[in-house]
Amino acid sequence: MSIKKADSAGFCFGVNRAINIVNELLKKGIKVATLGPIIHNMEMVHELEEKGCTPVESVDELSNDTTLVIRSHGVGKSVIDALEERGINYEDATCPFVKKIHKIVSSTNPDNDVVLIAGNKNHPEVCGIIGHCASDCYTFNNEAELDDLLPNIPKRNNKQVKIVAQTTFDTQEWKKCVKKIKKLCTNAKIFDTICNATQVRQTEASQIAAESDFMVVIGDRHSSNTGKLFDICKRQCENTVLIETAAELDLNKVSDAETIGVTAGASTPARIIKEVLDTMSEVKSGETNLEPSFEEMLEESLKNFNTNERVMGTVLSIAPNEVQVDVGRKQTGFIPASELSNDPNARPEDVVKVGDVIELLIMKTNDQEGTIMLSKRRVDAQKGWEELKEKAESQEVLSGKVTEAVKGGVIVLYNGSRIFIPASQATATREESLEDLVGQNVDFRLIEVSQNGRRRRAIGSIRSVLKEQRAAQREEFWKTCEVGKRYKGVVKSLTSYGAFVDLGGAFGMIHISELSWTHIKHPSEVVNVGDTVDVYIKDINEETKKISLGFKNAEDNPWEILKNNYPEGTVVKATIVGLTTFGAFANIIPGIDGLIHISQIANKRIEKPADVLKVGDVVEAKITAIDFDKKRVSLSMRALLPENEQAPAESNEEAAE
């Protein structure tokens, strides 16, 4: 089997831009709404809703503290006017290619022009275009509708006809319509406004469909461009299907197909495309299948009289590669290590003990050699199947061990059954490594347990359980949190301005200025991702739920250390860190530099500090004055030298400092 995915499948520029605008606003803690779904893909819409982006039906539903994101389809001019009249903040995520159409139709002359729009009159993009038309406008969705419309247009006061197209209009249909318009409207001005990405996507989909015996189009059924892709592919490949998620795949068709083509609409997230591709690959590779049914095992065996029979056996001995058992027959029974458990990392001695009585399946008998090959893991898998179906219905939270990371996800072993957890359902965030889960015990719930002929599938979700646990932690956290309370948290990410810490239910930020009493250029100089840190709450913004964290301990404040351990009169060893015309700065302790005025460097007059000192020198100096309010320390080297030649005091010492 070969699978060919269209390079153009997935988010187009305009959709990707709109999603990024929403995500950036949400990251800043801004309350976000969209006028209708941000894109025609409910999976992505629900995902953004969970983050706090709410779709609304009209401007009247918006509150003044909400920022509206205008989706890539664009809106009519009246909507923009209403937003500005009410003073509502908005971000315009209209696709630049749609904006171009708005500019064309808004610049028409109502006395001289009439506008024709190729597109679905009920589609949001077309509605927005109509809302910018300065002249009379009419829509048509195909050649037949154009035929009904054209005879009347030239008769309307001989106005010039200007034609634009919805950015996702069918390119083949557009060519036919343009040909007809040129024939009947000699004065027509035609603007080819179909997005170039749409043309590439439709052309590529048509070519792949023509070479495939099974074509899969992925996208939301409400998406106009996805629907057109389906129609285009259907012309080339009768065996074409439109699905929204991998769960809708007909696995029998996938199994039967030799050449499979895949494309996706402009509003289909990459992760959904990946899940579909992984699922189809897994159908052939068997990575997500549960253990074969007894019928499959019967076909795979040597079909001897005793094959596929269940027997009870007593463990006699255990070796690294097999376990010998007594099944009450003249033949010697043995279980290969690979048939003991579904956990590939399990050692035989961890699975069974000598003397254990276990139920086994006869896989193969060899009367000539006097042996019977048996399986324990297949019996365990069969027993667990009925239980899995019950657990799926009850949505009970289960626990199992992650045994391996496979293509597209991980395998969790539960009561002898292999449960596939897709990558999208395996971790709380997509940035986490699947490999790190291997060997861990995890909580999960089953989201699909199905059987299609002999093929069985059990799919689970760790993320859904993590989300519930996180929600419970969040609720508990906000009940008890208060300014000044200390927490142990884990550093989850670093930025140039601070570190974000998971407090167990909520995230807080340690600003870079809070990480150290000394100046640092980046938080990584103090903490790293994964570090456990002791922090306290400095401030809570109840409205935005933002938490500012403190990290520095008061006892580590260098000025407190100076006050307690270095009173005036103390002699210290200080390192020269800077030279000026009026003196030298010397580091006393980390975080505090003192000034040695030029008059206090030597017991004689000097022209400039550089004549005596250089950066890096370690000198002895006496603390002569400390101003804790202004955070200044005065030092003197001269006070420790014999006064052989008294230099006149500098009257402007304080001014120079």
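Remember, predicted model here, so these are calculated numbers, not experimental data.

Caption draft 1: The packing of aromatic side chains, seen in detail. Scanning the model with the defined rule gives seven aromatic pairs in all. Here the aromatic rings of Trp559 and Phe628 are separated by 6.2 Å at their centres, their planes lie at 75 degrees, and the arrangement is edge-to-face. Taken together, the residues Trp559 in helix H16 (residues 558-565) and Phe628 in the loop between strand S31 (618-627) and strand S32 (632-636) connect sequence positions 69 residues apart. Accessibility expressed as a relative area gives 13% for Trp559, which makes it buried. For Phe628, a relative accessible area of 29% translates into the label partly exposed.

Caption draft 2: How the structure looks around the pairing of strand S21 (residues 441-452). As paired strands, strand S18 (residues 398-406) and S21 are joined by four bridges and run antiparallel to one another. Following the sheet pairing, Gly400 is matched in S21 by Val442. As paired elements, S21 and strand S22 (residues 455-461) share seven bridges and run antiparallel to each other. What sits directly across from Asn452, in S22, is Arg455.

Caption draft 3: View of the packing of helix H1 (residues 13-27) against helix H2 (residues 42-51). At a closest axis distance of 11 Å, the pairing of H1 and H2 adopts a crossing angle of 15 degrees. In terms of orientation, H1 and H2 fall into the roughly parallel class. At the point where H1 passes H2, the crossing takes the left-handed sense. Of the residues in H2, those touching H1 at Ile19, Val22, Asn23 and Leu26 are Met44, Leu48 and Lys51. Within the contact of H1 with H2, the residues separate by chemical class into five nonpolar, one polar and one charged.

Caption draft 4: Fine view of the sheet that holds strand S12 (residues 259-264). With respect to topology, four strands assemble into an open sheet ordered S1-S12-S10-S11, the strand pairing being parallel. Unpaired on one side and paired on the other, strand S1 (2-5) and strand S11 (240-243) mark the two borders of the sheet. The sheet shows a mean angle of 20 degrees between the axes of neighbouring strands, direction not considered. Note: strand S10 (residues 214-218) against S12, five bridges, orientation parallel. Its bridge partner being in S12, Phe214 is matched across the sheet by Ile260. Here helix H8 (residues 196-210) sits on the sheet in contact with S1, S10 and S12, set at roughly 165 degrees to S12.

Scoring rules and cut-offs
Along each chain, the written sequence defines residue order, and numbers are assigned to residues from 1. The predicted nature of this model means local features are confined to residues of pLDDT at least 70 and side-chain atom pairs, given and counted, to a pLDDT of 80 or more, with totals for whole chains, interfaces and linings taken over all residues. Where side-chain values are given, they derive from all heavy atoms of the structure, hydrogens and water being excluded. The aromatic pairing rule takes the rings of Phe, Tyr and Trp, using the six-membered ring of Trp, and pairs them if the centres are within 6.5 Å, calling planes under 30 degrees apart stacked, those over 60 edge-to-face and the rest tilted. Numbering goes from the N terminus for both helices and strands, where a helix is a DSSP run of H or I of at least four residues and a strand is a run of E of at least two. Only protein chains enter the accessibility calculation, which uses a 1.4 Å probe; a residue is then buried when its area is under 20% of its type maximum, exposed when over 50%, and partly exposed in between. One bridge is not enough; two strands pair if DSSP finds at least two bridges between them. Note on geometry: axes are C-alpha line fits, over the in-contact stretch for helices, and angles between N-to-C directions span 0 to 180 degrees. Each angle is binned into one of four classes, with values under 35 degrees roughly parallel, values over 145 roughly antiparallel, values of 65 to 115 roughly perpendicular, and all other values oblique. Handedness of a crossing follows from how the near helix is turned relative to the far one, being left-handed for an anticlockwise turn of less than a right angle and right-handed for a clockwise one. Only heavy atoms enter the contact rule, under which two residues are in contact if any of them lie within 4.5 Å. Note on residue categories: nonpolar means Ala, Val, Leu, Ile, Met, Phe, Trp, Tyr, Cys or Pro, charged means Asp, Glu, Lys or Arg, and polar means any other residue, Gly included.

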